[in-house]
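Notes for the structure review
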Amino acid sequence: MGFELQSLYQAMTFALLDVAAGNEHERRVDVGTRGNAARIRILQPTGDVMMTVYGTGVCEVGEQLVLSCLKRVSVQRLNELHKTPLKKAALLKLAKG
């Protein structure tokens, strides 16, 4: 079983959206592109638009999505998250070679 970065990035994106939205409902992602420009819309299950971000290139669109999510997180929610304990790392033995 390999570790897939694409799956990790997808899970991180939706976890960030859950923090921003304050819930864990299913949502859809609508991506539109024209040349190097992109628009990402995050849609609620009802079809309502939760957020829309624009950018040129993957890095800029990703940065705009993170900023948009962070701007939606309330101080109260940040306080709740601060109290959530992180999981401890398990000891790993790496094979030499």
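Residues numbered from 1 in each chain as written. Predicted model: local features only at pLDDT ≥ 70, side-chain atom pairs only at ≥ 80, totals over all residues. Heavy atoms only, no water.

1. Quick notes on the confidence of the model for the chain
The predicted model of the chain has a mean per-residue pLDDT of 87, with 89% of residues at 70 or higher. Mean pLDDT across the elements of the chain ranges from a minimum in helix α1 (residues 5-21), with 90, to a maximum in strand β3 (residues 49-56), with 94. (pLDDT = per-residue confidence, 0-100. Helix = DSSP H or I, 4+ residues; strand = E, 2+ residues; numbered from the N terminus.)

2. Re helix α2 (residues 58-72)
Since the α-helix turns once every 3.6 residues, residues separated by three or four places project in the same direction. Taking 1.5 Å of rise per residue, the 15 residues of α2 would be expected to cover 21 Å, and the 21 Å separating its terminal C-alpha atoms lies within 8% of that figure. Among the structural elements, α1, β2 (37-43) and β3 are those in contact with the buried residues of α2. (Expected span 1.5 Å × (residues − 1). Contact = heavy atoms within 4.5 Å.)

3. Brief notes about the layout of surface pockets
With a probe scaled to a water molecule rolled over the atoms, the places where space remains empty come into view. If you add up the space inside the largest pocket, you get close to 650 Å³. Lining the largest pocket are 22 residues, and of these Thr13, Ile40, Val58, Gly62 and Leu65 lie nearest its centre. Counting residues per element, the ones that place at least two in the lining of the largest pocket are α1, β1 (28-34), β2 and α2. Examining the composition of the lining of the largest pocket, we find that seven residues originate from one element, α1, more than from any other. Residue classes in the lining of the largest pocket are distributed as 14 nonpolar, eight polar and no charged. (1 Å grid on protein atoms, 1.4 Å probe; cavity = no way out; pocket = protein on both sides within 12 Å on 5 of 7 lines; lining within 4 Å. Points joined across faces, edges and corners; volume = space filled by probe spheres on them. Nonpolar A, V, L, I, M, F, W, Y, C, P; charged D, E, K, R; others polar.)

4. A closer look at the sheet that holds β2
With respect to topology, three strands assemble into an open sheet ordered β1-β2-β3, the strand pairing being antiparallel. Single-partner strands in this sheet number two, and they are β1 and β3. Ignoring which end each strand starts from, the neighbouring axes of this sheet average 15° apart. Across seven bridges, β1 lies against β2 in antiparallel orientation. Note that in β2 the partner of Val29 across the bridge is Ile42. Strands in contact with α2 are β2 and β3; relative to β3, the strand with the most contacts, it is inclined by about 145°. (Pairing = 2+ DSSP bridges. Axes fitted to C-alpha atoms, helices over the stretch in contact; angles between N-to-C directions.)

5. Overview of the pattern of salt bridges
Considering all chains together, one arrives at four salt bridges under this definition. The structure contains a network of salt bridges with shared partners spanning Asp30, Arg39 and Arg41. (Salt bridge = Lys/Arg side-chain N within 4 Å of Asp/Glu carboxyl O.)

6. Points about the packing of α1 against α2
With their axes 8 Å apart at the nearest point, α1 and α2 run at an angle of 30° to one another. Between α1 and α2, the angle is such that the two are roughly parallel. Of the two elements, α1 crosses α2, and the hand of that crossing is left-handed. Within the contact between the two elements, α1 uses Thr13, Leu16, Leu17 and Ala20 and α2 uses Leu65, Val66, Cys69 and Arg72. (Parallel < 35°, antiparallel > 145°, perpendicular 65-115°, else oblique. Left-handed = near helix turned anticlockwise from the far one by under 90°.)

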